[in-house]
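Structure at a glance
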Amino acid sequence: MIGQTFINPAISEAILIYLKYKDQPTNPAHNDFLVHAISTLVFIYGELDILNPYITHNEQMMGGFDSNITKYGFPMEHLTDFKNQFMRFREEEKVQARPNTAFIKIEKYLIDMFCYKQKSMNLAMEEFANFKKYLYVIDNPLMVNDLNKYTIDPNEIGGYLKSKMFEAQHQFSVEPMHKEILNSDAYTLLGYNLTQINNLNSQDLKAVNDQIYSFFRVDSTLQNRKELLDKAVNYYKRYGNKITSGNGYVDFLLFASVLATAVFVVMLIALNF
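These figures come from a predicted structure and were not determined experimentally.

Helix and strand counts for the protein chain stand at 14 helices and zero strands. Going residue by residue from the N terminus, the α and β elements of the protein chain occur as α-α-α-α-α-α-α-α-α-α-α-α-α-α. Counting the 273 residues in the protein chain, one finds 37% classified as buried. Sequence separation of at least 24 residues holds for 55% of the intrachain contacts in the protein chain that already meet a minimum separation of 6. Working note: accessible area of the protein chain is about 16,100 Å², and carbon and sulfur atoms make up 55% of it.

Taken residue by residue, the protein chain gives an average pLDDT of 85. The fraction at 70 or more is 84%. Element-level mean pLDDT values for the protein chain span from 49 in helix α14 (residues 248-272) up to 97 in helix α5 (residues 76-94). This stretch, residues 243-255, has a pLDDT under 50; its non-local contacts, to residues over four places away or in other chains, come to 28 contacts.

Once that is clear, we can look at the pattern of salt bridges. Under the defined criterion, the tally for this structure stands at 16 salt bridges. Taking the shortest distance from any N to any O, the salt bridge between Lys-71 and Asp-49 comes out at 2.4 Å. Here Lys-71 is found in the loop between α4 (65-69) and α5, whereas its partner Asp-49 is found in helix α3 (residues 47-56), with 22 residues between them in sequence. Accessibility expressed as a relative area gives 15% for Asp-49, which makes it buried. Through salt bridges that share partners, Asp-32, Arg-90 and Glu-93 make up one connected network.

By size, the foremost hydrophobic cluster in this structure holds 48 residues, and its most contacted members are Leu-41, Ile-69, Phe-82, Phe-86, Phe-103, Ile-106 and Met-113. The greatest single-element share of this core, amounting to ten residues, is contributed by helix α6 (residues 101-121). With 14 residues, the next largest nonpolar core counts Leu-205, Val-208, Phe-216 and Val-233 among its residues.

Calculation criteria
Residues numbered from 1 in each chain as written. Predicted model: local features only at pLDDT ≥ 70, side-chain atom pairs only at ≥ 80, totals over all residues. Heavy atoms only, no water. Helix = DSSP H or I, 4+ residues; strand = E, 2+ residues; numbered from the N terminus. Buried < 20%, exposed > 50% of the residue type's maximum accessible area, 1.4 Å probe, protein only. Contact = heavy atoms within 4.5 Å. Areas by Shrake-Rupley, 256 points an atom, 1.4 Å probe, with all protein chains shown as cover. pLDDT = per-residue confidence, 0-100. Salt bridge = Lys/Arg side-chain N within 4 Å of Asp/Glu carboxyl O. Core = buried A, V, L, I, M, F, W, Y, C linked by side-chain atoms within 4.5 Å.

Pasting the structure below:
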């Protein structure tokens, strides 16, 4: 099926030229931007993953172009846009648009694809140096002419690569902070408005909770701290003060024992009379 349109005319032509001149890297046709984008895909995924789908005309089936490009986690919706940008590049090239937005988007998508592979396969950071040779950055003298032709800021693509490398080195992950809401009576007893409590961010809420635990003499590091706090709050609501053992549950037991002793003494006095 070589020669038939695959995905879209721009991609088909780029793959066909790549096949024809892949062993002639100095040929001007080989250095066309879209052909070079195919070369970059081959570097990332391997020649079989790119050329076999073209030869078999398999875009979306198992083992096809789409599944091969997304196998490391690159999002399908981004792949759809990536393929569309090949046609967009030719359209902008005809009118000599500068910047050529498709040129920039294709390069950034290629960087993203490599980063997904790097993370998925835990590649050494040194692999970025080999990948960088395929990118249109000012460090690559042979690509500077096209870089100046298609962009206004020649450092944009290189800056994007640096930011992605930094993320790969530091493995950032963003996790939402857990908001621990305590017994509502604990807040109201200490004069807090529940609406205000619900609107606090996680950090401020934690500070208030620490005050609550401290007031009711409950160790905030204990696994059952909320249960102990509930018992301490109930005791406070009933008797109007807190006792100071340092543990809400122990405080409750201490009070119970004191009360039992007082009742026993009163009974003894009554019996003597």
